[in-house]
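As a plain string of letters, each chain reads:
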Amino acid sequence: MVPIKVHNPVTGELAGTVIPASPSDLASTASRARQAQERWTKLSFRERARFISSFHDRILDRPDPILDTIQLETGKTRRDAFAEVVSVAGTARYYLTHGESILAGRRRRGAVPIVTSSVLEHRPHGVVGLITPWNYPFILSIADALPALLAGNAVVLKPSELTPLSAVLGRELLVESGLDPDLFGIVHGGGDVGGELIRHVDFIGFTGGSTTGRKVAVAAAERLIPCSLELGGKNPMIVLKGASLKNAAIGLLSGAFSNAGQTCISVERVYVEASIFEEFSRMVSEEARKLKLGWSRSWELDMGSLIHSAHADKVMGHIEEAVEGGARVLSGAVRRPDIGPAFVEPTVLTHVSPRASMATQETFGPVISMYPVESVHEAVVMANDTNYGLNASVWAGRSDEAMAVARQIHAGSVGIQSTLMIYNAFDVPMGGMKISGIGRRHGEHGMLRYTQEQSIVTSFSMAGGYDAMLPKIRSQRVADAVLKMVRLWRRIPGLR
Ligand code: NAD
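Being a predicted model, the structure only gives us computed values, none of them experimental. (Residues numbered from 1 in each chain as written. Predicted model: local features only at pLDDT ≥ 70, side-chain atom pairs only at ≥ 80, totals over all residues. Heavy atoms only, no water.)

Caption draft 1: Structural context of the side chain of asparagine 391. Its place among the elements puts asparagine 391 in strand 16 (residues 391–395). A distance of 2.7 Å separates a polar atom in the side chain of asparagine 391 from a polar atom in the side chain of serine 413. Beyond its immediate sequence surroundings of up to four residues, asparagine 391 is in contact with Asn235, Pro236, Ile265, Ala411, Ser413, Val414, Gly415, Thr419 and Ile422. (Helix = DSSP H or I, 4+ residues; strand = E, 2+ residues; numbered from the N terminus. Polar contact = N/O pair within 3.5 Å; in protein donor to acceptor, adjacent residues only side chain to side chain. Contact = heavy atoms within 4.5 Å.)

Okay, here's the thing in structure tokens:
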């Protein structure tokens, strides 16, 4: 097997190598994970939690090697790498605290009051496969594995072939925290290895682009295994009269340019009420010009590199096409080869044609297009005029006004006075409507997706129990009596 070489996107230096998995490597990794899962699932939640708790402390005690690795293979800033560590720790904290009660069995009503009962329990799928992208290589590979493990599953992960090193380190830290190495397998390679992985697992958790997500859904459907798909976005922000423009500008700069705009929930389209459009767009473009670009361990830098030159070409392609179609450039729209081969300046555009790729496709770079709108209604219609539905953001003077707008947006999450906060609001589910995905991470959904419901129903064996009831209806008179009872049933609140 030819090793996969991982290069730093800024300096081009070799950051590391990994060995791609052959079909037989993959089969044996999955088979070892299956055996380890049989042992793991017998442990109580608290026994499993010990390892994850130790991992939580370990990454907070010694974040620097993790930050270095993330930065080395992605070209992102120290701050953007730091956000990954904090978010993984937050996910661990949330599921360590709430996981046991999320997974606990619950008594439910039986088929017939008094003589029957039901209990709903959650069983792990077995082996969970995770396929992850390059933009947040530590969060997306590790944080999504934690609830799967705590719920009693084994995990086999295929990280992006562009950024596998953060995932390898995350797994090593879990193993150092006491986790059975076979319980968390890792396989390397591109889409072919991802496709092969789906053939060996009981659930597939995919994060990546919507086009790949469709292929993963088809492969999962062929095996009739459940999947969750966390896909792309073309996320709108709405700014209404009365909003604090200063705060909205801070939110937009962070929402559009952190991680160099390579965040699934990044703001890409901004709809601003016409009376404040000039002032707000000027403010945003002035602030965008002040952002410090570069790549180093300094905490001072605001924006790092894109993942590679070809991605920077794609982002510039969207910008150039928009400008040819009449867009005006308020800031950026240029590459910065003096800093590195994949740097694009934070870009603010207006007058982008609604038909331009910039308006319709995910750009996934440090670029926003801003549009004036005449009314709140127009803002909502334009925000919803997309096939995507991942995240959105609303800024208004009054919270009831913002809430009313948020409820009309077709997206899995909406931030009021925030653009990216949803990612660390661990108690609520996060995911996409429309082509932005199926399923949710975080909250109880984010753990229960790694389980299957099992209903255990009990009939108390009085007079032959439940199964003896139907055969006892042997005349119209008895049937009428049963109908009367069923009618009465609805009127007794405690038994409904
Ligand atoms: P991608 O879809 O190209 O690749 C994602 C992963 O899928 C990689 O590991 C890749 O090797 C693998 N893959 C490729 N083809 C496959 C196939 N046929 N079968 C199985 N696996 C296959 O995405 P990317 O370019 O790595 O990441 C960027 C995309 O991810 C953006 O669209 C972004 O919005 C999205 N994303 C979404 C979320 C979210 O939570 N919604 C989070 C981060 C990134």
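Caption draft 2: Broad picture of the pattern of salt bridges. Summed over the entire model, instances satisfying the criterion amount to 25 salt bridges. Linking glutamate 176 and arginine 58 is a salt bridge whose minimum nitrogen-to-oxygen distance equals 3.5 Å. Highlighted residues: glutamate 176 in helix 7 (residues 165–176) and arginine 58 in helix 2 (residues 45–61), separated in sequence by 118 residues. Where arginine 78 meets aspartate 68, a salt bridge forms, and the shortest distance between an N and an O atom there is 2.6 Å. Linking arginine 78 in helix 4 (residues 78–103) with aspartate 68 in helix 3 (residues 64–74), this pair joins segments that are ten residues apart in sequence. Several salt bridges converge on common partners, so that one network encompasses Asp64, Asp68, Arg78 and Arg297. (Salt bridge = Lys/Arg side-chain N within 4 Å of Asp/Glu carboxyl O.)

Caption draft 3: Spatial organisation of the nonpolar core. One finds Phe55, Ile59, Val88, Phe138, Phe184 and Ile204 to be the most contacted residues of the largest nonpolar core, which totals 75 residues. If sequence neighbours within four positions are ignored, phenylalanine 184 has contacts with Ser141, Ile142, Ala145, Leu149, Val155, Leu157, Arg171, Leu174 and Leu179. Counting residues in each nonpolar core, the second largest holds 59 residues, with Val239, Met316, Ala356 and Val380 among its members. (Core = buried A, V, L, I, M, F, W, Y, C linked by side-chain atoms within 4.5 Å. Buried < 20%, exposed > 50% of the residue type's maximum accessible area, 1.4 Å probe, protein only.)

Caption draft 4: Representation of the sheet that holds strand 20 (residues 451–459). Pairing within the open sheet is antiparallel, and its three strands lie in the order 3-4-20. In the strand order of this sheet, the two ends are held by strand 3 (106–108) and strand 20, each with one partner. Within the sheet, the average angular offset between the axes of one strand and its neighbour, ignoring direction, is 30°. Relative to strand 20, strand 4 (residues 116–124) runs antiparallel, the two being bridged by nine bridges. Bridged to threonine 116 within strand 20 is serine 459. (Pairing = 2+ DSSP bridges. Axes fitted to C-alpha atoms, helices over the stretch in contact; angles between N-to-C directions.)

Caption draft 5: Summary view of the layout of surface pockets. In this structure, the largest pocket encloses a volume near 920 Å³. Lining of the largest pocket is provided by 40 residues; of these, Pro133, Trp134, Gly208, Gly209 and Thr212 occupy positions nearest its centre. Along the lines of polarity and charge, the residues of the lining of the largest pocket split into 16 nonpolar, 17 polar and seven charged. (1 Å grid on protein atoms, 1.4 Å probe; cavity = no way out; pocket = protein on both sides within 12 Å on 5 of 7 lines; lining within 4 Å. Points joined across faces, edges and corners; volume = space filled by probe spheres on them. Nonpolar A, V, L, I, M, F, W, Y, C, P; charged D, E, K, R; others polar.)

Caption draft 6: Up close: the site of the ligand. Among the 29 residues in the neighbourhood of the ligand, the closest are listed as Thr132, Thr212, Leu231, Glu362 and Arg441. Between the ligand and the protein, one listed contact pairs an oxygen atom with a side-chain N or O atom of lysine 158 at 3.0 Å. Glycine 209 is positioned such that a nitrogen or oxygen atom in its backbone is 2.9 Å from an oxygen atom of the ligand. In the complex, 86% of the free accessible area of the ligand, which totals 850 Å², lies under the protein chains. Applying the majority rule of atoms within 2 Å of the grid points places the ligand in the largest pocket. Looking at the shell around the ligand, the elements that each hand over two or more residues are helix 8 (191–198), strand 8 (203–207) and helix 9 (210–223). Considering only residue class, the shell around the ligand consists of eleven nonpolar, twelve polar and six charged. (Near = heavy atom within 4 Å. Areas by Shrake-Rupley, 256 points an atom, 1.4 Å probe, with all protein chains shown as cover. Sits in = over half its atoms within 2 Å of the grid points.)

Caption draft 7: Geometry of the environment of histidine 311. Mapped onto the fold, histidine 311 is located in helix 12 (residues 309–324). A relative accessible area of 8% means that histidine 311 is categorised as buried. Linking histidine 311 and glycine 365, residues 54 residues apart in sequence, is a C-alpha distance of 8.4 Å. Those residues in contact with histidine 311 that sit more than four places away from it in its chain are Trp134, Gln262, Leu306, Thr363 and Phe364. Here phenylalanine 364 takes part through its backbone oxygen, which lies 2.7 Å from a polar atom of the side chain of histidine 311.

Caption draft 8: Fine view of the sheet that holds strand 17 (residues 413–416). Taken together, seven strands build an open sheet; the order of strands is 12-13-14-11-10-16-17 and the sheet is mixed. A single partner strand is all that each edge strand has here, and the edge strands are strand 12 (328–331) and strand 17. Averaged over all pairs of adjacent strands, the angle between their axes in this sheet comes to 25°, without regard to strand direction. As paired elements, strand 11 (residues 267–273) and strand 14 (residues 367–373) share five bridges and run parallel to each other. Opposite glutamate 273, over in strand 14, you have valine 373 as the bridge partner. On the sheet, helix 14 (residues 376–383) packs against strand 10 (235–239), strand 11 and strand 14 and is oriented at approximately 165° with respect to strand 11. Set on the sheet, helix 15 (residues 399–406) makes contact with strand 10, strand 16 and strand 17; between it and strand 17 the angle comes to about 165°.

Caption draft 9: Main features of a positive patch on the surface. Residues Lys484, Arg487, Arg490, Arg491 and Arg496 make up a contiguous surface patch of positive charge. Topologically, arginine 487 is positioned in helix 17 (residues 476–489). The exposure class assigned to arginine 487 is exposed, which follows from its relative accessible area of 55%. (Patch = residues over 30% accessible without salt bridge, like charges linked within 9 Å, V, L, I, M, F, W, Y side chains within 5 Å. Lys, Arg positive; Asp, Glu negative; His and termini not counted. Charge placed at Lys NZ, Arg CZ, Asp CG, Glu CD.)

Caption draft 10: Representation of the packing of helix 2 against helix 7 within the structure. Taken N-terminus to C-terminus, the directions of helix 2 and helix 7 make an angle of 125°; their axes are 8 Å apart at the nearest point. Taken together, helix 2 and helix 7 sit at an angle that is classed as oblique. Every pair of crossing elements has a handedness; the one defined by helix 2 and helix 7 is right-handed. Together, Ile52, Phe55, Arg58 and Ile59 of helix 2 and Gly170, Leu173, Leu174 and Glu176 of helix 7 make up the contact between the two elements. Taken together, the residues that form the contact of helix 2 with helix 7 break down as five nonpolar, one polar and two charged. (Parallel < 35°, antiparallel > 145°, perpendicular 65-115°, else oblique. Left-handed = near helix turned anticlockwise from the far one by under 90°.)

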